[in-house]
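Coordinate inspection notes
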Amino acid sequence: MNKIKIIGAGLAGCEAAWQIACRGLPVELYEMRPALLTPAHKTGMLAEIVCSNSLGSENKNDRISAAGILKEELEIFNSLILSCAKKSQVPAGGALAVDREKFSSLVTEKIISHPNIKLIREEVKSIPDDLAIISSGPLTSNALANELKNIAGERIYFYDAVAPVLMKESINFEKVFVSGRYGRGDDYINCPLSKEEYLNFYDALINAERNLPHDFEKNKYFEGCMPVEALADRGIDTLRFGPMKPRGLIEPRTGREPYAAVQLRQDNADGTLFNIVGFQTGLKWGEQKRVFAMIPGLENAEFVRLGVMHRNTSVNAPAVLDKFLRLKSRENIFLAGQITGVEGYMESTAMGLAAGINAAMLMSGKNFPVWPRESAIGSLINYLMTTEPKHFQPMNMNLGIFPPPSQKIKGKQDRAKFFRDNALKAMRNEFQENSSLLTSNPSL
Ligand SMILES: Cc1cc2nc3c(=O)[nH]c(=O)nc-3n(C[C@H](O)[C@H](O)[C@H](O)COP(=O)(O)OP(=O)(O)OC[C@H]3O[C@@H](n4cnc5c(N)ncnc54)[C@H](O)[C@@H]3O)c2cc1C
């Protein structure tokens, strides 16, 4: 019988392998560690957690969150990663944090003892010709990343240079105005700054704590996507000729161009999220919240994603993937995990689960499942599919990517409950007809 090859036994690869194997199909799972380590992985254990040991919040009592909804959905499919995380949980308030060694040992043990999974410790350097899932993660080895680049064209990123993304409804619309430059269109939300506001903001920005060294801009990988603070280092007016240029923006209240302006651009097809144009940044996360709250209109901004700049091999999903997570140009190749353009441990796991089930269906000659738009998994996939490719940037699970409710729901918890109820209902409706898809291994 043919096997499904999976490249990379991280969070997504192990989840995909498990979902396929538990449906009775054989898997060859390739992992290059320990012979070849990535810059962040330290061991040969499968599903090694490279940084924080928190897998995000859980839904408990009345505290509902987007990350919690995603976990509830993963539970419906008996996710291996979620189950091992719960068995190695350490106290962390409302979050699901793990003892990282125990967690990886449990996943490794489950994978190597499954009769349908063959683990092969080897670096894969080229894209297979047969049915395969690439789940080699943000730190994909160079040989494979270059191969992927040949297929995905220039639409593969080796670094993340991400500007913060915020909820539209948290913007103070009394201070901002909607307009394109020179009155062309109404695609942008503009935050005008007076001279005094600009100077205060500038001062806070250049003195804020950074993750990145001050000589960061010399790094050739980042030409063309300079962090906003590095641009500011070049001189007091650089930003006013760059991302804070006021040219052609007429403030309705004064009838004049402001001294400087920050522009916000729609980030998802539903128009619930906006990013700060040109504000990719390596400032520490707490500092981003403090400094960007000084921009008029963003005093109470609710950030769903803060800026990051780090190595991250991932594709431009809306341009190169189909809705089943396959490369449009190679329908036998699925992508899973962070490399699809999601960000985060559980988001990567979810894209492993979806790609694994999709690949298993393809191999068994069955129809692909439909991941409901109302669900957390469906919302992540929808984000990957519908975002404007030119402005695509990786995304984590957040309330802003669920389909917007037809009526405004006040209060974050009420909104979260609404999304949770809809998500779980849609999942059950969709999958109860084909219950073999729901329960991959009840004895886990
Ligand atoms: C430095 C860093 C820190 C991060 N910190 C966090 C955090 O704190 N919280 C969070 O939620 N997310 C974090 N992320 C983002 C993301 O959630 C994790 O990277 C997550 O592990 C991604 O899961 P994955 O399965 O896609 O990739 P991985 O878990 O990285 O798994 C990929 C696997 O593929 C293997 N591999 C690579 N190339 C090959 C090849 N050619 N052949 C065979 N095997 C190969 C690797 O060795 C690895 O085991 C971080 C990312 C990075 C890079």
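Because the structure is a prediction, the values reported are computed rather than measured.

**Overview of the site of the ligand**
- As a matter of local geometry, the ligand sits amid 31 residues, with Glu31, Arg33, Gln338, Gly344 and Tyr345 nearest to it.
- Contact distances for the ligand include 2.9 Å between an oxygen atom and a backbone N or O atom of Ala12.
- At a separation of 3.2 Å, an oxygen atom of the ligand approaches a polar backbone atom of Ser52.
- Its free accessible area being 980 Å², the ligand has 89% of it covered by the protein chains.

**What to know about the pattern of salt bridges**
- The final tally for this structure, using the stated rule, is 19 salt bridges.
- Here Asp130 and Lys5 are joined by a salt bridge, their closest N and O atoms 3.9 Å apart. With Asp130 in the loop between strand E6 (117-121) and strand E7 (132-134) and Lys5 in strand E1 (residues 4-7), the pair connects residues that are 125 residues apart, well separated along the chain.
- On the accessibility criterion, Lys5 (23% relative accessible area) is partly exposed.
- Note that Lys60 is salt-bridged to Glu58, the shortest N-O span being 3.5 Å.
- Residue Lys60 is classed as partly exposed on the basis of its relative accessible area, which comes to 37%.
- One connected set of salt bridges, linked through shared partners, spans Glu31, Arg33 and Glu48.

**Some points on the sheet that holds E7**
- In space, the six strands of this open sheet follow the order E6-E2-E1-E7-E17-E16, with mixed pairing throughout. Edge positions in the open sheet fall to E6 and strand E16 (326-327), since each of these has one partner strand only.
- Looking at chain direction, strand E2 (residues 27-31) and E6 are connected through five bridges and run parallel. For Val27, the partnering residue across the bridge sits in E6 and is Ile117.
- In the packing of helix H10 (residues 345-363) onto the sheet, contacts are made with E1, E7, E16 and strand E17 (330-335), and the angle to E17 comes to roughly 150°.

**Describing the nonpolar core**
- Of all hydrophobic cores here, the largest spans 100 residues; its most connected members are Phe103, Trp371 and Ile377.
- If you tally residues by element for this core, the top one is H10, at eleven residues.
- Each of two domains, domain 1 (4-163 + 311-438) and domain 2 (166-306), supplies a minimum of three residues to this core.
- Setting aside its immediate chain neighbours within four residues, Trp371 contacts Phe77, Leu353, Ala354, Ile357, Asn358, Ile377, Gly378, Ile381, Met427 and Phe431.
- Grouped together as the second largest cluster of nonpolar side chains are 34 residues, Leu166, Ala204, Leu239 and Phe303 included.

Definitions and cut-offs
Residues numbered from 1 in each chain as written. Predicted model: local features only at pLDDT ≥ 70, side-chain atom pairs only at ≥ 80, totals over all residues. Heavy atoms only, no water. Near = heavy atom within 4 Å. Polar contact = N/O pair within 3.5 Å; in protein donor to acceptor, adjacent residues only side chain to side chain. Areas by Shrake-Rupley, 256 points an atom, 1.4 Å probe, with all protein chains shown as cover. Salt bridge = Lys/Arg side-chain N within 4 Å of Asp/Glu carboxyl O. Helix = DSSP H or I, 4+ residues; strand = E, 2+ residues; numbered from the N terminus. Buried < 20%, exposed > 50% of the residue type's maximum accessible area, 1.4 Å probe, protein only. Pairing = 2+ DSSP bridges. Contact = heavy atoms within 4.5 Å. Axes fitted to C-alpha atoms, helices over the stretch in contact; angles between N-to-C directions. Core = buried A, V, L, I, M, F, W, Y, C linked by side-chain atoms within 4.5 Å. Domains from an automatic or database assignment.

Scope: geometric values only; no functional claims are made or implied.
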